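Examining the three-dimensional arrangement
Below, each chain spelled out in residue letters.
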Amino acid sequence: MSGPPECEGRGLARQPARQALLDLLGANPDRGAVEPDDWPAILALASGGIEPILALEAERRGMAIPAAVRARLVQARQRSAAAALKRQAALRPAFAALDRAGIPFIVLKGLALAYRVYPTPETRTMNDVDLWVEASALDDATNALEAEGWRAPWWRDETGPAAGEQCLQYRDSRVLIELHYPPKSISDLMADGGASLWSARVPASLGWAEACVLPPEETLLHLSLHLAEHHRFINALGRLLDVTLVLRKSAADIDWPAFAQRCASLEASGWVGVTLGTARRMFGAPVPADALASFGIADLDDLCMVAEEQAWLRP
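Residues numbered from 1 in each chain as written. Predicted model: local features only at pLDDT ≥ 70, side-chain atom pairs only at ≥ 80, totals over all residues. Heavy atoms only, no water.

Right, let's get into the packing of aromatic side chains. Considering all chains together, one arrives at seven aromatic pairs under this definition. Each ring, one from Phe-95 and one from Phe-105, has its centre 5.0 Å from the other, and the planes form 55°; the classification is tilted. With Phe-95 in helix α4 (residues 67-100) and Phe-105 in the loop between α4 and β1 (106-108), the pair connects residues that are ten residues apart, well separated along the chain. A single burial state applies to Phe-95 and to Phe-105, both of which are buried. Plain terms: the ring middles of Tyr-115 and Trp-208 are 6.1 Å apart, the flat faces sit at 75° to each other, and that makes the pair edge-to-face. (Phe/Tyr/Trp six-rings, centres within 6.5 Å; stacked < 30°, edge-to-face > 60°. Helix = DSSP H or I, 4+ residues; strand = E, 2+ residues; numbered from the N terminus. Buried < 20%, exposed > 50% of the residue type's maximum accessible area, 1.4 Å probe, protein only.)

Structural data, given as structure tokens:
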């Protein structure tokens, strides 16, 4: 990188609270500690899922922060840890039921990332668990899960064939599964409809269960399509952190020219290139400049600058 994250590409310097939050999440670990006066603004930016990993980073750095701030961060991490345990207890028999029924599935996004790229599982919060099943197996998958206590919640009426997903709730808990067949962000935007991603699935350990996940390149493709096209980068801080953590673990093993060529063949170059560029701009994600150039995106700096502004917005 040519300079600190706020100097990457064009655009005005970031607001101090935004820069401080990015620094705390690893964009520039050499920066000094955040001033106490910044914490109200930082917490406002971090609300909605970032607090648990922020709590871990503050603890790791041994930061002297106000007691009330520390208490809020610790409580957020504790709540997330409790939710993770409840989720695990509900999902273990659910995964076993799908396996017994011979139904292949892929664990997507939050749950896979929590156990594979985040420092500890509770530092990646999630509202639901995304599973990808083949369309032909949807009814069998639903039946297998219903036998374990999962039901379509009455308050989710947008699911079904047109939506490309089926939401199921575990008894009266807050644990939700979304069955995708496949995710619309994949089927609608990739030239092959997602066939190459499905066939690339690999077995992996989630600590408490074995399940199939997407390899790093396929994960980056899916995350990019989901946050760039589906969410238009709005409220994307956590999703861009997902991308960054995948890259911190796997970037050195990626053949970047081949990956860029593959994205082009799948008609996904724009979504992926802007996502990677924005993650690099904000978090210092380890994407080489020549790798970004290989995506061949005109005005990439300007597009990433717009994407970053979108990322700070709340819906």
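On we go.
Going residue by residue along strand β7 (residues 210-213), you find Ala-211 and Val-213 tucked away on one face and Glu-210 and Cys-212 left uncovered on the opposite face. Examined bridge by bridge, strand β6 (residues 202-205) and β7 share four bridges and lie antiparallel to one another. By the bridge assignment, Val-202 is partnered in β7 with Val-213. Taken together, β6 and the strand that follows it, β7, pair antiparallel across an intervening segment of four residues, in which Gly-207 is found at a positive phi of about 90°. (Pairing = 2+ DSSP bridges.)

Within the element layout of this structure, Pro-52 appears in helix α3 (residues 51-61). For Pro-52, a relative accessible area of 2% puts it in the buried group. C-alpha of Pro-52 to C-alpha of Arg-72: the two residues are 20 residues apart in sequence and 9.7 Å apart in space. Dropping the residues within four chain positions of it, Pro-52 is found in contact with Ala-76, Arg-77, Ser-80, Glu-122, Thr-123 and Thr-125. (Contact = heavy atoms within 4.5 Å.)

This part covers the nonpolar core. Counting 71 residues, the largest nonpolar core has Trp-39, Leu-54, Leu-240, Leu-247, Trp-256, Phe-259 and Leu-276 as its most contacted members. Sort the elements by how many residues they give to this core and helix α10 (residues 237-250) lands first, with seven residues. Other than its neighbours up to four places away in sequence, Leu-54 contacts Leu-21, Leu-24, Leu-25, Trp-39, Ile-42, Ala-46 and Leu-73. One finds Met-126, Tyr-170, Ile-177 and Ala-209 within the second-largest nonpolar core, a separate group that totals 33 residues. (Core = buried A, V, L, I, M, F, W, Y, C linked by side-chain atoms within 4.5 Å.)

This next bit is on helix α11 (residues 256-265). Listing the buried residues of α11 in full gives Trp-256, Phe-259, Ala-260 and Cys-263. Considered in projection along α11, the buried side chains sweep an arc of 100° and stay on one side of the axis. What points out from α11, more than 90 degrees from its buried face, is the exposed set Pro-257, Gln-261 and Ser-265. Against the buried residues of α11 lie α9 (216-230), α10, α12 (269-283) and α13 (289-293). After α11 finishes, the residue Glu-267 shows a positive phi value of roughly 60°. (Arc of directions from axis to C-beta.)

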